[in-house]
Amino acid sequence: MNPLIDPFGRSIEYVRLSVTDRCDLRCFYCMPKGFNDFEAPEHWLNFDEIERVIGAFARLGTRRVRITGGEPLVRKGLPGLAARLHALPGIDDLSLSTNAVQLARHASELRIAGVQRLNISLDTIDPQRFREITGGKLEKVIDGLMAAKTAGFSPIKINMVVMKGINDNDVEAMVEFCIEHSFTLRFIETMPMGDTGREANAHFLDLHTVRKRLERRYELVPGVMPGGGPARYMRVAGTELRLGFITPLSQHFCETCNRVRLSVDGTLYLCLGQEHKFELRPLLRAGVDDDALNTAIREAIALKPERHEFNDKPGQVVRFMSMTGG
Ligand code: SAM
Ligand code: SF4
């Protein structure tokens, strides 16, 4: 079957699958405090529906799937879903993004289910600051991280959203923590998604500044990492630590974008920073056959825009990151 190619010649081979828009944290840059206006359960794609959509993508050339949310571990039975996705012919890279709050309980089960790689969000290792940023307890996340290590996940990538005046002074402590535990550390620029993201954008920090700052203390040499993402990697000389820089704003990477996002209600979002979308749930619930599902996915891919406009139109995206599946 012909692979999925978008109107700008990009091959689409990576699906980020949001299994819930709910979360057990409230990172201030992502979801408003006390937010409760979640998608109704009857609108959630069930596991059969998810398996059908990902199966269709796999037949159309998708090899990579990342399970995300909201917080994916709040969706009941997630390891069972992971096992079903892992078993789909063609899917050879199954990964998970999590805040790790509930990871200690699920790590080994997820590994057995076939999840190969983990990305864990952690913006600081200062317990007080962690509470201020997320509303949660750092201790649980550290337990989750250690359980992931014990379960044999490799690599374990830590994602740190770096914000001026919030946690920018924590980058060195995070580097040392990641050297000690053999984690990979990736820095991310804040994106103006929803009101929360726009508020956080007041703390926007160009990652070039972070890199310059680290270069005063560490020797950074070019490095590479497997994965389908947009991070540019450096290695800290004399250690195994890889540092990734994800710069959607200061140096966007739209020309190599290879992904789409499926939200919990079965909407395909074609770009994180645009509203272009295609609703698959009505088709699934109307009993669409495999050929028509393939055609619908091709029609959706034809809508993929060239690039985000976070810099030019920061007010454009009203949904929070947790609604699309970051
Ligand atoms: N709950 C999981 C987690 O935190 O890893 C998965 C979903 S979360 C939406 C995925 C990623 O999006 C996290 O690394 C988080 O830091 C990032 N994120 C959320 N809002 C953001 C924003 N406004 N700007 C940049 N990154 C953001
Ligand atoms: Fe939850 Fe992840 Fe958003 Fe934080 S970034 S509120 S952990 S979905």
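Scroll up to find the structure.
What you see is a predicted model, and the numbers here were worked out from it, not measured in a lab.

The rules we used
Residues numbered from 1 in each chain as written. Chains lettered and ligands numbered in written order. Predicted model: local features only at pLDDT ≥ 70, side-chain atom pairs only at ≥ 80, totals over all residues. Heavy atoms only, no water. Near = heavy atom within 4 Å. Polar contact = N/O pair within 3.5 Å; in protein donor to acceptor, adjacent residues only side chain to side chain. Areas by Shrake-Rupley, 256 points an atom, 1.4 Å probe, with all protein chains shown as cover. Helix = DSSP H or I, 4+ residues; strand = E, 2+ residues; numbered from the N terminus. Nonpolar A, V, L, I, M, F, W, Y, C, P; charged D, E, K, R; others polar. Buried < 20%, exposed > 50% of the residue type's maximum accessible area, 1.4 Å probe, protein only. Arc of directions from axis to C-beta. Contact = heavy atoms within 4.5 Å. Pairing = 2+ DSSP bridges. Axes fitted to C-alpha atoms, helices over the stretch in contact; angles between N-to-C directions. Right-handed = clockwise from strand over helix to strand, strands pointing away.

Visitor: Teacher, can you tell me more about the site of ligand 1 here?
Guide: Neighbouring residues of ligand 1: 18 residues in total, closest Tyr 29, Gly 70, Glu 71, Ser 121 and Met 191. Residue Gly 70 places a main-chain N or O atom 3.0 Å away from a nitrogen atom belonging to ligand 1. One of the side-chain N or O atoms of Glu 71 is found 3.2 Å from a nitrogen atom in ligand 1. Protein contact buries 94% of the 540 Å² of open area that ligand 1 shows by itself. Every element with two or more residues in the shell around ligand 1 is listed here: strand 3 (93-98) and strand 5 (156-161). Along the lines of polarity and charge, the residues of the shell around ligand 1 split into five nonpolar, 11 polar and two charged.

Visitor: Honestly, helix 8 (residues 207-215) in this entry has me stumped. Any pointers?
Guide: Those residues of helix 8 lying buried are Leu 207, Val 210 and Leu 214. One side of helix 8 holds all its buried residues, which, seen down the axis, span an arc of 50 degrees. Considering only its buried residues, helix 8 is in contact with helix 6 (171-181), strand 6 (184-188), strand 7 (220-222) and strand 9 (242-246). Measuring from the backbone nitrogen of His 208 back to the side-chain oxygen at the start of helix 8 gives 2.8 Å, which picks out Asp 206 as the cap.

Visitor: What is the right way to look at the sheet that holds strand 6 in this model?
Guide: In a beta sheet, neighbouring strands are held together by backbone hydrogen bonds and run either parallel or antiparallel to one another. With respect to topology, 12 strands assemble into an open sheet ordered 7-8-9-6-5-4-3-2-1-10-11-12, the strand pairing being mixed. Whereas interior strands pair on both sides, the edge strands pair on one side only; in this sheet they are strand 7 and strand 12 (277-279). Direction aside, the axes of adjacent strands within the sheet are offset by 25 degrees on average. Both strand 4 (residues 117-121) and strand 5 contribute to a ladder of four bridges, which runs parallel. Within strand 5, the residue paired with Ser 121 across the bridge is Asn 159.

Visitor: Which parts of the structure should I look at to understand the pairing of strand 3?
Guide: Most of strand 3 sits out of view: six of its six residues are buried. Side-chain alternation along strand 3 places Asp 93, Ser 95 and Ser 97 on one buried face and Leu 94, Leu 96 and Thr 98 on a second face that is also buried. Sheet topology places strand 2 (residues 64-68) next to strand 3; four bridges connect them, and they run parallel. Directly across from Ile 67, in strand 3, lies its bridge partner Leu 96. In this region the chain leaves strand 2, passes through helix 2 (residues 78-86) and returns to the parallel neighbour strand 3; the handedness of that crossover is right-handed.

Visitor: Teacher, can you tell me more about the site of ligand 2 here?
Guide: In the region of ligand 2, the neighbouring residues are Cys 23, Leu 25, Cys 27, Cys 30, Gly 70 and Asn 99. A class-by-class count of the residues in the shell around ligand 2 yields four nonpolar, two polar and no charged.

Visitor: What exactly am I supposed to notice about unusual backbone geometry here?
Guide: Most peptide bonds take the trans form, and the phi angle of most residues other than glycine is negative. The omega torsion of the bond from Ser 154 to Pro 155 falls at 0 degrees, within 30 degrees of zero and hence cis. Topologically, Pro 155 is positioned in the loop between helix 5 (138-151) and strand 5. In the Ramachandran plot, Ala 100 falls in the positive-phi region, its phi being about 70 degrees despite a non-glycine side chain. Tracing the sequence through the fold places Ala 100 in the loop between strand 3 and helix 3 (103-113). The backbone of Ser 182 sits at a positive phi, close to 60 degrees, despite the residue not being glycine.

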